[in-house]
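What follows is the residue order along each chain.
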Amino acid sequence: MALVGLLYLGVNEYFRYQNVSSALLTNKFSFENLKVYKAESLMNDDTKQMCKKYKISFEDKNSNKFCQGFLVMEKSGKVTTDLLCQ
């Protein structure tokens with residue numbers, strides 16, 4: 001049973017990373033050392049649909065800055081970022 005739990009956590013972490021990675025690439029970010037700290041579901045007040053909010057950090061290769069903040073992915077494919085790069 002513990003092996004199934006560990007396998008679930010590993011697969012979940014992999015897909016969380018893949019979702020955030022593809023969203024950043026779609027928004028023309030060039031990055032390395034991506035870390036996804038937290039993922040949570042929330043309701044978009046305007047569309048009344050559920051979306052995913054990720055707390056992330058990465059190094060932006062274009063500006064050579066360390067960025068951290070939030071990325072929100074909606075079911076429609078719209079991605080909103082709230083990042084602070086220093």
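The shown structure was predicted, so the numbers you read here are calculated from the model rather than taken from an experiment.

Conventions adopted
- Residues numbered from 1 in each chain as written.
- Predicted model: local features only at pLDDT ≥ 70, side-chain atom pairs only at ≥ 80, totals over all residues.
- Heavy atoms only, no water.
- Helix = DSSP H or I, 4+ residues; strand = E, 2+ residues; numbered from the N terminus.
- Buried < 20%, exposed > 50% of the residue type's maximum accessible area, 1.4 Å probe, protein only.
- Pairing = 2+ DSSP bridges.
- Core = buried A, V, L, I, M, F, W, Y, C linked by side-chain atoms within 4.5 Å.
- Salt bridge = Lys/Arg side-chain N within 4 Å of Asp/Glu carboxyl O.

Caption draft 1: How the structure looks around the side chain of Ser21. Along the chain, the position of Ser21 falls in helix H1 (residues 2–26). When its relative accessible area of 10% is taken as the criterion, Ser21 is described as buried.

Caption draft 2: Quick look at the pairing of strand E4 (residues 79–85). With 7 bridges joining them, strand E3 (residues 65–74) and E4 adopt antiparallel strand pairing. Counted as the bridge partner of Leu71 is Thr81 from E4. Between E3 and E4, which pair antiparallel one after the other, the connecting turn spans 4 residues, and Gly77 there sits at a positive phi close to 100°.

Caption draft 3: Layout of the nonpolar core. Membership of the largest hydrophobic core comes to 13 residues, with the highest contact counts inside it found for Val20, Leu24, Leu34, Tyr54, Ile56, Phe58 and Leu71. Looking at this core, the elements with two or more residues in it are H1, strand E1 (31–43), strand E2 (50–60) and E3.

Caption draft 4: Quick look at the pattern of salt bridges. For the structure on display, the rule yields 1 salt bridge. Here Arg16 makes a salt bridge to Glu13, at a shortest N to O gap of 3.3 Å. Separated by 3 residues within a single helix, Arg16 and Glu13 lie in helix H1, roughly one turn from each other. Look at Arg16 and you get buried, because its relative accessible area is 17%.

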